[in-house]
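Chain by chain, the residues run as shown.
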Amino acid sequence: MPSALFSPIKLAGLTVPNRIVVSPMCQYSANDGVGNDWHMTHLGMLANSGAGLLVLEATHVERLGRITHGCLGLYSDDCEDALGHIVAHCRRNGTAKLGIQLAHAGRKASSQRPWQGAKALSATEDPWPTIAPSALPFGPGWHTPRAMTEDDMARVRAAFADAAKRAVRLSFDAIELHFAHGYLLHSFVSPLSNKRNDEFGGSLAGRMRFPLDVVRDVRAAVPRSTPLGARITGSDWLDGGLTGDDAVTLAKALKAAGLDYVDISSGNITYDSRPPNEPGFNVPIAEQVRRDSGLAVRTVGLIATAQQAEAIVAEGKADMIALARAFLDNPHWGWHAAAELGAEVVRPPQYARAAPALWPGAAMRGG
Ligand SMILES: Cc1cc2nc3c(=O)[nH]c(=O)nc-3n(C[C@H](O)[C@H](O)[C@H](O)COP(=O)(O)O)c2cc1C
């Protein structure tokens, strides 16, 4: 039986050669939103990982929407120029299709890098004002955001559309919007963070209104042949929070707004909203969303082995598998998965001598 994981998938006008995706991963290493040598090295390596699609980290659409001082942005010509060099490098030397995740951190902005504490920036660390649907902090000790005015909404919508235009100019193969992990768009959708009593709050339809406005603006800026997706929340994992049923409703609305796929992630709407630490913890929700929405679905979360990823796709629970930490651990995860599943993957000729057919050592290390 040919591997399901290594079968191609078509998203809008793009054919991705296999179902393996490098999940977006913030590197907290940019200078005022501008990528540098670290991104060149990190992404250049992961473009040669065997994954069909490499999605760049949360890339923020306005300066105030960055999570940390080190987060990548796409809000200035400097950001765009630097990213252009990185994309060109990945294309010259790598095999993966390239996607980008566009994001706004909302009330989780103005925080420390993980290795500096991952808390709100203190007064001596050059903090900045944050915005959110409601003036509620992410948790104790976090900044209290300003509840967004209609002017803020208009500015953020324009920022998403502008960043999408820059991403199109940079010829990304796919663009996705960050609707998860407690950042701005998720915080509008979740009833735990959106307590507005205007037309942008209340029912799920009201809470989705601003994020869907963003989606329509972005869709209008992105050619129909370029896949546009969203990483959404399968569950807030808290009483009164978002559930799999809400994810289905959102996925249907995103489909109607012209999106081509969703990625099911979960958790982090508040400081104490944590997903269960179990293998494939988002898979049952992905399966539900795939079945009930009819959209192509990717999922993520404690998927670490080739057999696990293969089974999820082969059993029709998801169309694509994203992995984050497994690729940090082993940047050639896709090569090893191909060997294990008897599939082919393109390696650069410089590394061909380590392919299983040419190197007996591959069998000695088990795959
Ligand atoms: C270093 C690191 C940075 C991350 N940054 C992002 C990000 O920019 N955008 C995002 O949606 N998820 C981000 N995540 C979450 C991952 O994409 C992924 O959903 C999560 O790690 C679970 O998958 P895993 O078990 O394969 O690691 C990050 C995870 C890690 C480990």
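One can find the structure itself at the top, above this paragraph.
Residues numbered from 1 in each chain as written. Predicted model: local features only at pLDDT ≥ 70, side-chain atom pairs only at ≥ 80, totals over all residues. Heavy atoms only, no water.

Visitor: What is the right way to look at the overall build of the chain in this model?
Guide: Counting its secondary structure elements, the chain contains eleven helices and twelve strands. Counting only C-alpha atoms and orienting by the principal axes, one finds that the chain spans roughly 65 × 40 × 40 Å. Taking all 367 residues of the chain together, the buried fraction comes to 60%. Pairs at least 24 residues apart make up 71% of the contacts formed inside the chain by residues separated by at least 6 positions. (Helix = DSSP H or I, 4+ residues; strand = E, 2+ residues; numbered from the N terminus. Buried < 20%, exposed > 50% of the residue type's maximum accessible area, 1.4 Å probe, protein only. Contact = heavy atoms within 4.5 Å.)

Visitor: Just checking my understanding: could you explain the sheet that holds strand β11 (residues 296–299) for this structure?
Guide: Two pairing modes exist for strands in a sheet, parallel and antiparallel, and in both the strands are linked by backbone hydrogen bonds. Pairing is parallel around the closed barrel formed by eight strands, whose spatial order is β3-β4-β5-β8-β9-β10-β11-β12. Ignoring strand direction, the axes of neighbouring strands in this sheet form an average angle of 25°. Direction of pairing for strand β9 (residues 228–233) relative to strand β10 (residues 261–265): parallel, over a ladder of five bridges. Of the residues in β10, the one forming a bridge with Arg-231 is Asp-263. (Pairing = 2+ DSSP bridges. Axes fitted to C-alpha atoms, helices over the stretch in contact; angles between N-to-C directions.)

Visitor: Quick question: what am I supposed to make of the pairing of strand β8 (residues 174–179) here?
Guide: Along a regular strand, successive side chains alternate from one face of the sheet to the other. Across the six residues that make up β8, a large majority, six, are buried. Neither face of β8 is open: one carries Ala-174, Glu-176 and His-178, the other Ile-175, Leu-177 and Phe-179, and all of them are buried. Note that strand β5 (residues 97–103) and β8 share four bridges and pair parallel. Opposite Ile-100, over in β8, you have Ile-175 as the bridge partner. Bridge count for β8 against β9 is five bridges, and the pairing is parallel.

Visitor: Where do I start with the packing of aromatic side chains in this structure?
Guide: The relation between two aromatic rings is expressed through the spacing of the ring centres and the mutual angle of the planes. Scanning all chains against the criterion turns up five aromatic pairs. Centroid distance Phe-138 to Trp-142: 4.9 Å. Interplanar angle 75°. Geometry classified as edge-to-face. For the pair Phe-138 and Trp-142, one class covers both residues: buried. Note on Phe-188 and Phe-210: the rings are 4.7 Å apart at their centroids and 45° apart in plane angle, and the pair reads as tilted. Within this pair, whereas Phe-188 is found in helix α4 (residues 184–189), its partner Phe-210 is found in helix α5 (residues 204–221), the two being separated by 22 residues in sequence. (Phe/Tyr/Trp six-rings, centres within 6.5 Å; stacked < 30°, edge-to-face > 60°.)

Visitor: Can you help me understand the site of the ligand in this one?
Guide: Lining the immediate environment of the ligand, one finds 15 residues, of which Ser-23, Cys-26, Gln-101, Leu-302 and Arg-325 sit closest. Here an oxygen atom of the ligand sits 3.1 Å away from a polar atom, N or O, in the main chain of Ala-58. The contact in question runs from an oxygen atom of the ligand to an N or O atom on the side chain of Arg-231, over 2.9 Å. Judged by the proximity of its atoms to the pocket grid, the ligand belongs to the largest pocket. When its residues are assigned to classes, the shell around the ligand shows eight nonpolar, five polar and two charged. (Near = heavy atom within 4 Å. Polar contact = N/O pair within 3.5 Å; in protein donor to acceptor, adjacent residues only side chain to side chain. 1 Å grid on protein atoms, 1.4 Å probe; cavity = no way out; pocket = protein on both sides within 12 Å on 5 of 7 lines; lining within 4 Å. Sits in = over half its atoms within 2 Å of the grid points. Nonpolar A, V, L, I, M, F, W, Y, C, P; charged D, E, K, R; others polar.)

Visitor: Explain the packing of helix α1 (residues 37–46) against helix α2 (residues 77–93) to me, please; I cannot follow it from the model alone.
Guide: Between two packed helices, the angle of one axis relative to the other and the distance separating the axes together describe the packing. Orientation of α1 relative to α2, taken along the N-to-C sense of each, is 30°, at an axis distance of 9 Å. By the angle between their directions, the pair α1 and α2 is classed as roughly parallel. Handedness of the α1/α2 crossing: right-handed. In contact with His-39, Met-40, Leu-43 and Gly-44 of α1, α2 contributes His-85, Ile-86, His-89 and Cys-90. For the contact of α1 with α2, a count of residues per class yields four nonpolar, four polar and no charged. (Parallel < 35°, antiparallel > 145°, perpendicular 65-115°, else oblique. Left-handed = near helix turned anticlockwise from the far one by under 90°.)

Visitor: Sorry, what's going on with the nonpolar core here?
Guide: Across soluble globular proteins, nonpolar side chains show a tendency to be buried alongside one another. The biggest cluster of nonpolar side chains holds 91 residues, and the ones touching the most others in it are Leu-102, Phe-179, Phe-210, Ile-232 and Leu-254. With eight residues, the single largest contributor to this core is α5. Dropping the residues within four chain positions of it, Phe-210 is found in contact with Met-148, Met-153, Val-156, Arg-157, Leu-184, Leu-185, Phe-188 and Phe-200. Val-21, Leu-53, Ala-174 and Tyr-261 belong to the second-largest nonpolar core, a separate cluster that totals 13 residues. (Core = buried A, V, L, I, M, F, W, Y, C linked by side-chain atoms within 4.5 Å.)

Visitor: Hey, could you run me through unusual backbone geometry in this one?
Guide: For residues besides glycine, phi is generally negative; the peptide bonds are generally trans as well. The phi dihedral of Asp-126 is positive, around 55°, even though this residue is not glycine. Among the structural elements, Asp-126 can be located in the loop between β5 and β6 (131–132).

Visitor: What is the right way to look at the side chain of Thr-233 in this model?
Guide: In this structure, Thr-233 sits in strand β9. Looking at Thr-233, its side chain comes within polar contact range of the main-chain oxygen of Phe-179, at 3.5 Å. Only 3.3 Å separates the side chain of Thr-233 from the side chain of His-186, close enough to count as a polar contact. Leave out the neighbours within four places in its chain, and Thr-233 touches Phe-179, Ala-180, His-181, His-186, Leu-242, Ala-247, Ser-265, Ser-266 and Gly-267.

Visitor: What's the story with the packing of α5 against helix α6 (residues 244–256) in this structure? I'm lost.
Guide: At a minimum axis distance of 11 Å, the contact between α5 and α6 shows a crossing angle of 40°. The two elements α5 and α6 cross, and the hand of that crossing is right-handed. On α6, the residues touching Leu-204, Met-208, Leu-212 and Val-215 of α5 are Asp-246, Thr-249, Leu-250, Ala-253 and Leu-254. Its residues assigned to classes, the contact of α5 with α6 shows seven nonpolar, one polar and one charged.

Visitor: Would you mind going over the layout of surface pockets with me for this structure?
Guide: Left-over empty space is what a probe sized like a water molecule reveals as it rolls over the atoms. One number sums up the size of the largest pocket: a volume of about 1200 Å³. What lines the largest pocket is a set of 44 residues, among which Tyr-28, His-181, Tyr-183, Asn-268 and Arg-325 lie closest to the centre. Class assignment of the residues belonging to the lining of the largest pocket gives a composition of 24 nonpolar, 15 polar and five charged. Space inside the second largest pocket adds up to approximately 170 Å³. As for the second largest pocket, its lining consists of Trp-335, Ala-338, Ala-339, Ala-343, Glu-344, Val-345, Arg-347, Ala-352, Ala-355, Pro-356 and Ala-357. (Points joined across faces, edges and corners; volume = space filled by probe spheres on them.)

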